[in-house]
Amino acid sequence: MDSALYLIPVTLGDTSLEQVLPSYNHDVIVKIKHFIVENRKSAIRFLVKVDKNIDIDSLDFVELSEHTDEKQDVMAMLKPLERGESIGVISEAGCPAVGDPGARAVEAAHKKSFKVVPLVGPNAMIMAVMSSGFNGQNFAFNGYLPVKNSERASKIKNLENRVYKENQTQLFIEAPYRNDKMFEAILQNCRPDTKLCIASGITTPEEYIVTKTIAEWKKCQKPQINKIPAIFLLYK
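Procedures and definitions
All residue numbers refer to position in the chain's written sequence, counted from 1. Confidence filtering applies because this is a predicted model: local features only for residues at pLDDT of at least 70, side-chain atom pairs given and counted only at 80 or more, and all residues used for totals across whole chains, interfaces and linings. Heavy atoms throughout the structure, all of them, feed into the side-chain values; hydrogens and water do not. Comment: elements are numbered from the N terminus, with helices defined as DSSP H or I runs of at least four residues and strands as E runs of at least two. This radius of gyration counts C-alpha atoms alone. The globule rule is 2.2 Å times how many residues there are, raised to the power 0.38. Throughout, exposure labels follow a simple rule: accessible area from a 1.4 Å probe, protein chains only, divided by the maximum for the residue type, with under 20% read as buried, over 50% as exposed, and the rest as partly exposed. Only heavy atoms matter for contacts: two residues are in contact if any of them lie within 4.5 Å across the pair. Here, Shrake-Rupley sampling with a 1.4 Å probe gives the accessible areas, and only protein chains in the shown set may cover a residue. The charge count includes Lys and Arg as positive and Asp and Glu as negative, but it does not include His or the ends of the chains. A single reference atom marks each charge: NZ on Lys, CZ on Arg, CG on Asp, CD on Glu. Any two strands between which DSSP finds at least two bridges are classified as paired. Helix axes are fitted only over the stretch in contact, all axes being lines through C-alpha atoms; the angle between N-to-C directions runs from 0 to 180 degrees. Throughout, nonpolar core names a set of buried Ala, Val, Leu, Ile, Met, Phe, Trp, Tyr and Cys residues whose side chains join them through atoms within 4.5 Å. Directions pointing from the helix axis toward each C-beta atom define the arc. Pairs of N or O atoms are called polar contacts if they sit within 3.5 Å, as long as, within protein, a hydrogen donor faces a hydrogen acceptor (for residues adjacent in sequence, only side-chain-to-side-chain pairs). Should a side-chain nitrogen of Lys or Arg be within 4 Å of a carboxyl oxygen of Asp or Glu, the pair is scored as a salt bridge.

Novice: Mind laying out the overall build of the protein chain, listing which residues take part and the relevant values?
Specialist: When helices and strands are counted, the protein chain shows nine helices and ten strands. Over its C-alpha atoms the protein chain spans a radius of gyration of 19 Å, differing by no more than 12% from the 18 Å that the globule rule assigns to 236 residues. Counting only C-alpha atoms and orienting by the principal axes, one finds that the protein chain spans roughly 60 × 35 × 30 Å. Considering the protein chain as a whole, with its 236 residues, one finds that 49% of them fall into the buried category. Contacts spanning at least 24 positions in sequence make up 77% of the contacts within the protein chain whose residues lie at least 6 apart. Accessible surface computed for the protein chain: about 12300 Å², of which carbon and sulfur atoms make up 48%. Taking the average place of the 30 positive charges on the side chains of the protein chain and the average place of its 29 negative ones, the gap between the two points comes to 7 Å.

Right, dumping it as structure tokens:
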């Protein structure tokens with residue numbers, strides 16, 4: 001196996017590995033001894049899920065999360081690559097480095113001309129676009145919107161304007177326990193004919209993917225998405 005920074009996708013929930021990850025990933029993962037992870041505990045749970053016989057005590061973990069100091073030297077995390085070894089990057093859910101602090105490790109690897117290898121796995125954003133019926137050739141992921149009501153309302157209206165001006169699908173997320181508030185904010189601030197797709201619990205037994213206009217959403221029962229990871233998409 002080539003020495004490289006391997007970007008390792010994980011399941012989006014309590015989903016079987018066979019459903020979302022190729023067997024090739026297992027063969028790569030069990031050969032890696034160094035990991036850059038968003039959360040050590042969740043990374044270990046995933047590795048044990050990949051192979052119950054994996055020797056966790058023999059592995060080296062370093063955390064790179066949203067709480068990591070921006071001034072911290074990420075290059076220091078890549079020392080195994082300098083020795084010709086490999087490093088795996090693991091996020092808490094889905095694909096690392098996409099809306100994820102692991103991107104800092106990838107950026108550092110490219111600066112040093114180290115090989116970067118993305119492995120195949122589930123990405124909620126792409127799967128949401130695929131299943132929304134919206135424009136899949138021009139879309140933007142906007143991460144988390146502001147928490148304050150006035151700022152969030154302004155941002156939602158701004159994204160809706162971009163939908164109509166740029167013919168661009170707009171994606172964003174919210175902390176799962178605030179999904180209901182986000183849903184209500186969208187209904188309050190978008191045009192009746194604007195389309196909203198809610199894609200939650202992707203690949204899990206709770207998967208829910210529905211597209212309706214704002215006017216239609218206002219007439220139907222509120223979706224049961226509270227505390228379930230969800231992607232919100234707007235389009236015309």
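Novice: Give a description of the sheet that holds strand β4 (residues 87-90) that names residues and reports values.
Specialist: As summarised here, the arrangement of the five strands in space is β3-β2-β4-β1-β5, forming an open sheet in which the pairing is parallel. Lying at the two open borders of the sheet, with one neighbouring strand each, are β3 (60-63) and β5 (116-118). Across this sheet, the average inter-strand angle for adjacent strands is 25°, counted without regard to direction. Sheet topology note: the strand β1 (residues 5-8)/β4 ladder contains four bridges and is parallel. Within β4, the residue paired with Tyr-6 across the bridge is Gly-88. Contacting β1, β2 (34-37), β3 and β4, helix α3 (residues 40-50) runs over the sheet at an angle of about 140° to β3. Seen against the sheet, helix α5 (residues 103-111) touches β1, β2 and β5 and runs at an angle of roughly 155° to β1.

Novice: Go over the nonpolar core, please, and point to the residues and values.
Specialist: Phe-172, Ile-186, Leu-196, Phe-232 and Leu-233 are the most contacted members of the largest nonpolar core, which has 31 residues in total. Secondary-structure elements contributing two or more residues to this core are α6 (124-132), α7 (149-166), β7 (169-173), α8 (179-189), β8 (195-200), α9 (214-219) and β10 (230-235). Beyond its immediate sequence surroundings of up to four residues, Leu-233 is in contact with Ala-128, Val-129, Ser-132, Phe-134, Thr-169, Gln-170, Leu-171, Lys-195, Leu-196 and Cys-197. Residues Leu-17, Val-20, Ala-43 and Ile-90 belong to the second largest nonpolar core, which totals 24 residues.

Novice: Describe α6, listing the residues and the values that go with them.
Specialist: Regarding α6, the residues found buried are Met-125, Ala-128, Val-129 and Ser-132. Viewed end-on, α6 has its buried residues packed into an arc of 100°, placing them on one side of the element. Packing partners of the buried residues in α6 comprise β6 (139-144), β7, β8, β9 (208-213) and β10. Where α6 begins, the side chain of Asn-123 points an oxygen toward the backbone nitrogen of Met-125, at a separation of 3.1 Å.

Novice: Quick rundown of the pattern of salt bridges? Include the residues and the values.
Specialist: Evaluation of the coordinates by the stated rule reveals six salt bridges. Between Lys-115 and Asp-2 there is a salt bridge whose closest N-O contact spans 2.8 Å. A residue pair is termed long-range when its members are at least 10 positions apart, and Lys-115 in the loop between α5 and β5 and Asp-2 in the segment before β1 qualify at 113 residues. Residue classification places Lys-115 among the partly exposed residues on the basis of a relative accessible area of 42%. Among the salt bridges present, the one from Asp-180 reaches Lys-222, with a minimum N-O distance of 3.8 Å. One end of the pair, Asp-180, is in helix α8; the other, Lys-222, is in the loop between α9 and β10, with 42 residues separating them in the sequence.

These results come straight from atomic positions and should not be treated as a statement about function.
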